[in-house]
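Here is what each chain is made of, one letter per residue.
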Amino acid sequence: MFRRNKAAMLGLILLGLVILTMLLGPSLYPVPAFDISGKPFTGPFEVASLPLGSDYLGRDILAGMVVGGRATLAVGLAAAAITVSIGLTVGALAGYFGGWVDELLSRIAEIFQVMPSLLFAMVLMTLFDPSLTTAIIAIGMVTWTSTARLARAEFMRLRKLDYVNAARAMGAGPVRLMVREILPNAAPPLIVSATLIIGVAILFEAGLSYLGLSDPNVMSWGLMIGSNRKYVLDAWWAVTFPGLAIFLTVLAVSLVGDGLNDALNPRLHQR
Amino acid sequence: MNKPLLEVQDLRVHFPIGGGLIGKPRAWVRAVDGVSFSVPRGTTFGIVGESGSGKSTTALAVMRLVRHTGGSIRLDDDDIGTLEGDALRQARRRFQMVFQDPYASLNPRKRAGDAVREALDLMAYGEPQARPARVAELFAQCGLRPEQQRLFPHQFSGGQRQRIVLARALAANPELLVCDEPVSALDVAIQAQILNLMQRLQKALGLTYLFISHDLGVIRHMCDQVAVMYLGVIVEQADRESLFARPLHPYTLALWSAAPSFDPAARGRAQRIRLQGDPPSPIDIPPGCRFAGRCPVAQARCHTDAPLLREVLPGHRIACHRVSDNGKPDYELAATIG
Amino acid sequence: MTARDPMPGTSQESPLLEVDGLSVEFQTRDGVARVLESISFSLARGQTLGVVGESGCGKSMTALALMRLIPQPPGRIVAGQMRFEGIDLLGLSDAAMREVRGNRVSMIFQEPMTSLNPVFNVGEQIAEAVRLHQRLDRRAARERAIEMLEAVGIPAARKRVDDYPHQFSGGMRQRVMIAMALACNPSVLIADEPTTALDVTVQAQIFDLISDLRSRTGTAVILITHDMGAIAEMADRVAVMYAGRIVEEGSTADVLANPLHPYTRGLIACAPGRRTAAHGEPLEEISGTVPSLLERGAGCAFADRCREVMPKCRIGLPAETRLAQGKRRVLCWLHADASVPGAGGAS
């Protein structure tokens, strides 16, 4: 079923490539990313030992790409996982129960919503030591509200449908109703949202690195862009290649998310 | 004498508007405002009315899907109105519901067979090993083929979906089926199929039906007793013959004459009781008779004193000032009753 | 307020609307579905034609085809002609067709909840139709909107013209829709299940309203419904549709008194007002369901459900049989030999 969707397959292949690079890359190309590997500002495809060139310090770009994917993806996926968990739970409870539960949770969500996200993340990163974990938590805390709103709307809409009532009439309790009856039907927009959040998280991390706020000891594509931002006119490749990598990864995740949606949609089943 | 299976006394369902975390509600929607009836075992009790009448809310309250604010609901000798938790869950095996919208009553992501199977699992009916056979039995009873168990709801027509809904409702062998407009969303020819099926099932399984509808024709065919609801209260109630031979309440007459007539002579100029305006909302209920605002024969008294529901003929109750205590209306309304 | 005078070149006697052999196909994932097959009918000035059938029979599709509102992919008009006041509707450019829509031929839909735009008040929506087609200025258009609201029985029209759709009840909204549809004095009003979503007493009001307006303005009406009772009350002629074809057509009185096609007989027997089964006895039913339009063979689509089916019904269909000087038509082998010679009978 998934196979039929060409775009999703493309996405899957792309994602597979990224993950493969992440896993096998460092052993296939064991150049340490932080080492000075050659002359600074070497362009791509000029020198055999620097296939994609070097940055302003002389660090190997390809090495950075190969190693950096790990951190980037880790942040992206972990932050998205936190976001979706918090957002889905809060939204589901607010949407399903309504009344004072909804009021309370919505007010809490609003508090988080009105905070300028980048600023808040920056504050967190400076207050606590700027490790990857802090970055993940910071990103999760500022992006969960949109998922929560989506989940709330879906749960509110779906809980009124007759099939939910029918399950209630058979004695199903709230947890079972939310998990087995409503959630599978609320999933499509949430899956799309989750894939978008992965993209947002990756870009967020890139932004934090760009501002020099993330862990300077962990190589990530964002860090590459960030540390080379002053030299974008002199060494465009140092910024472009990691940027391209981020773009392709986010695209791949989106396509896979779409494909997943279609695969799970019983209306498209032919059997 | 048929002992009543379902007995509802002075049922009230009021919804608050406004209020919330803090503060009291601004107003109350009195959707059901004092409804009483009893349904003998093995018969069909019909409730007919339009939007805002409270008939669907009554059904949901009886099913314990909506919280009732007052009154009692008894199934046989059990007060199901006060049950909670596990006791309620156990009791649910005895009463189930058939919904109106065949497109919303089935989870689109569950196969038909699974929907029925899960009913058995939820209500812990019989031994798990025996449940697949029961699903097959239910499918057959409701006129579905065994291979259709694998299909998803969107692969069925409206009528077939209602059959699945019936199969699911009958899973745990209930005594009472509450049917909220079960055929209103179906084409005429399919309506006939489903109604015939429901009658066969009633005879075969000894079911009791609480049948809600806005269609007097369907009610007339299916029901042994009928109650007409308007704005949360019953305005007329009688057994079928009495109600259709001698409708007494002006609203009943209006409903009856509103249905298009087949008589070619009446074509184009059917004598119809024209009600002004639309069915009102149950928020701001005026004093006096609730129908007075639209009633073509309302008098001054009707706007100030609410009439009581009282028995004026054997088995025939009515709430109207203009009908005497021995069942004689003191008004004339010309209408073609088709 | 009268329906528009006919275009120069046509006479009062020629049919207002003539549809001949209209066929529409839809491209679906699983193949091509023929949703309309050789639909032919005519509508005279001031007449009311009822189109009745169950869901999926193509009655709404016919209305959309008349208004050329069928989405062009995946739908396609593959054959036939439609002539309105002598003009070939299929040959019109998009701009010319837009002149016809809402102006000379109007339509009202089933769901009054969703047919009105919630962000504009009703006066604006009615006035929009008038300004578009009649080039009236804002003030004149607003006056016309108020006039129409009064004509459809909305009390305090001058005040309510600025209200939004959500401030009206379902029945009122349907009246607003009728006001919009009739604002430009169309010659034809197509009403697609106008009362299905409404309460019974409100339905009665809407039918009364349509009858009143019809007699005052002389507008011809095509009433699409699944309710035989509505047909009995409102329609002069009726066309019964099944699986994309018209299976029977004639004057309402004739068809109701003497239905020829087994499907028509079944529909009438099932209709609520006519349910003659005694309490406790099963109702007349038509067994089975409408077949998928993708699986249609060459034979009659009703064959599997028909009580009087014959072997030849599954192989093919007869040509249309015309009776009573062409005023009655039926598509059924049971009557294939009954056509009157010289009246354009079956070959």
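Before any of the text, the structure's been laid out above.
For clarity, every value in this text was computed on a predicted model and none was experimentally measured. (Residues numbered from 1 in each chain as written. Chains lettered and ligands numbered in written order. Predicted model: local features only at pLDDT ≥ 70, side-chain atom pairs only at ≥ 80, totals over all residues.)

**Student:** Got a sec to walk through the overall build of chain C? Specific residues and values, please.
**Tutor:** Looking only at helices and strands, chain C has 12 helices and 12 strands in total. Its C-alpha atoms give chain C a radius of gyration of 21 Å, within 12% of the compact-globule value 20 Å for 347 residues. If you line up chain C on its principal axes, its C-alpha atoms span 65 × 55 × 45 Å. Going through the 347 residues of chain C one by one, you find that 47% of them count as buried. Taking the intrachain contacts of chain C between residues at least 6 apart in sequence as the baseline, contacts between residues at least 24 apart amount to 62%. (Helix = DSSP H or I, 4+ residues; strand = E, 2+ residues; numbered from the N terminus. Rg over C-alpha atoms; globule rule 2.2 N^0.38 Å. Buried ≥ 20, exposed ≤ 12 C-beta atoms within 10 Å, placed from the backbone. Contact = placed C-beta atoms within 7 Å.)

**Student:** Before we move on, can you summarise the overall build of chain A with the specific residues and values?
**Tutor:** From N to C terminus, chain A includes nine helices and zero strands. Ordered by position from N to C terminus, the α and β elements of chain A give α-α-α-α-α-α-α-α-α. The C-alpha extent of chain A, read off along each of the three principal axes, is 75 × 50 × 30 Å. Counting the 271 residues in chain A, one finds 45% classified as buried. When contacts within chain A are restricted to residue pairs at least 6 apart in sequence, long-range pairs at least 24 apart make up 69% of them.

**Student:** Before we move on, could you go through the nonpolar core and cite the residues and values that matter?
**Tutor:** Residues Ala201 of chain A, Val178 and Leu210 of chain B together with Ile126, Ala179, Ile222 and Val240 of chain C are the most contacted members of the largest nonpolar core, which totals 275 residues. If you tally residues by element for this core, the top one is helix α2 (residues 61-97) of chain A, at 16 residues. Ignoring sequence-local partners within four residues, the contact set of Ile126 of chain C consists of Ala145, Met148, Ala179, Met180 and Ala183 of chain C. (Core = buried A, V, L, I, M, F, W, Y, C linked by C-beta atoms within 7 Å.)

**Student:** Quick one: what's the story with the environment of Gly316 of chain C, residue by residue and with numbers?
**Tutor:** Residues and elements named next belong to chain C. If you trace the backbone, Gly316 turns up in the loop between α12 (311-315) and β11 (321-323). Residue classification places Gly316 among the exposed positions, given that 11 C-beta atoms sit within 10 Å. Taking C-alpha positions, Gly316 is 8.5 Å from Gly297, a pair spaced 19 residues apart along the chain. Leaving out residues up to four positions away in the same chain, Gly316 has contacts with Ala298 and Gly299.

**Student:** Pulling in residues and values, what's your account of unusual backbone geometry?
**Tutor:** Backbone phi values are negative for most residues with the exception of glycine, while trans is the configuration of most peptide bonds. Residue and element names in this part refer to chain C. Cis geometry is found at the peptide bond from Pro73 to Pro74, where omega equals -5°. Residue placement: Pro74 occurs in the loop between α1 (59-66) and β4 (75-84). With a phi close to 55°, Ala156 is a non-glycine residue in the positive phi region. Its location among the elements puts Ala156 in the loop between α5 (138-151) and α6 (157-160).

**Student:** Give me the lowdown on the interface of chain B and chain A, citing residues and values where you can.
**Tutor:** Note on interface size: it is often stated as the accessible area lost on association of the parts. Contact residues are listed per partner, giving 22 residues for chain B and 20 residues for chain A. Listing elements by their share of the side of chain B that touches chain A, those giving two or more residues are β6 (95-98) and α3 (112-122) of chain B. Partitioning the side of chain B that touches chain A into residue classes produces 12 nonpolar, five polar and five charged. (Nonpolar A, V, L, I, M, F, W, Y, C, P; charged D, E, K, R; others polar.)

**Student:** Could you give an account of the sheet that holds strand β12 (residues 328-330) of chain C, with specific residues and numbers?
**Tutor:** All names here are of chain C. Within the open sheet, the eight strands sit side by side as β6-β7-β8-β3-β9-β10-β12-β11. Their pairing is mixed. Looking at the sheet topology across the chains shown, the edges are occupied by β6 (105-108) and β11. Averaged over all neighbouring strand pairs, the angle between strand axes comes to 20°, with direction disregarded. Where strand β10 (residues 245-251) lies against β12, two bridges are found, and the strand directions are antiparallel. Across the sheet, the residue bridging to Glu249 is Arg329, located in β12. Strands in contact with helix α11 (residues 262-270) are β9 (237-242) and β10; relative to β9, the strand with the most contacts, it is inclined by about 105°. (Pairing = 2+ DSSP bridges. Axes fitted to C-alpha atoms, helices over the stretch in contact; angles between N-to-C directions.)

**Student:** Tell me what's going on with the sheet that holds strand β1 (residues 4-17) of chain B, and back it up with residues and numbers.
**Tutor:** Residues and elements named next belong to chain B. With antiparallel pairing, the four strands of this open sheet are ordered in space as β2-β1-β4-β5. Each edge of the open sheet carries a strand with a single partner, namely β2 (27-40) and β5 (78-79). Sheet topology note: the strand β4 (residues 70-75)/β5 ladder contains two bridges and is antiparallel. When the sheet's bridge partners are listed, Leu75 is paired in β5 with Asp78.

**Student:** Please give an account of the packing of helix α5 (residues 132-158) of chain A against helix α7 (residues 174-210) of chain A that cites residues and values.
**Tutor:** All names here are of chain A. One can describe the packing of α5 onto α7 by two numbers: an axis separation of 9 Å at closest approach and a directional angle of 160°. By the angle between their directions, the pair α5 and α7 is classed as roughly antiparallel. Two packed elements cross with a definite hand, and for α5 against α7 that hand is right-handed. Of α7, the residues touching α5 (which contributes Ala135, Ile139, Thr143, Thr147, Leu150, Ala151, Glu154, Phe155 and Leu158) are Ile182, Asn185, Ala186, Pro189, Leu190, Ser193, Ile197, Val200, Ala201, Phe204, Glu205 and Leu208. Across the contact of α5 with α7, the residue classes break down as 15 nonpolar, four polar and two charged. (Parallel < 35°, antiparallel > 145°, perpendicular 65-115°, else oblique. Left-handed = near helix turned anticlockwise from the far one by under 90°.)

**Student:** Pulling in residues and values, what's your account of the environment of Val250 of chain A?
**Tutor:** Residue and element names in this part refer to chain A. In this structure, Val250 sits in helix α9 (residues 236-264). Considered as a pair, Val250 and Leu203 are 47 residues apart in the sequence and their alpha carbons are 8.9 Å apart. Not counting chain neighbours up to four residues away, the residues in contact with Val250 comprise Gly199 and Ile202.

**Student:** How would you sum up the packing of helix α4 (residues 117-127) of chain A against α5 of chain A? Please name residues and give values.
**Tutor:** All names here are of chain A. Two numbers describe how α4 lies on α5: the axes approach to 9 Å, and their chain directions differ by 150°. Here α4 is positioned roughly antiparallel relative to α5, judged by the angle of their axes. For the pair α4 and α5, the crossing hand works out as right-handed. In this structure, α4 contributes Ser117, Phe120, Ala121, Leu124 and Met125 to the contact, and α5 contributes Thr134, Ala135, Ala138, Ile139 and Val142. Across the contact of α4 with α5, the residue classes break down as eight nonpolar, two polar and no charged.

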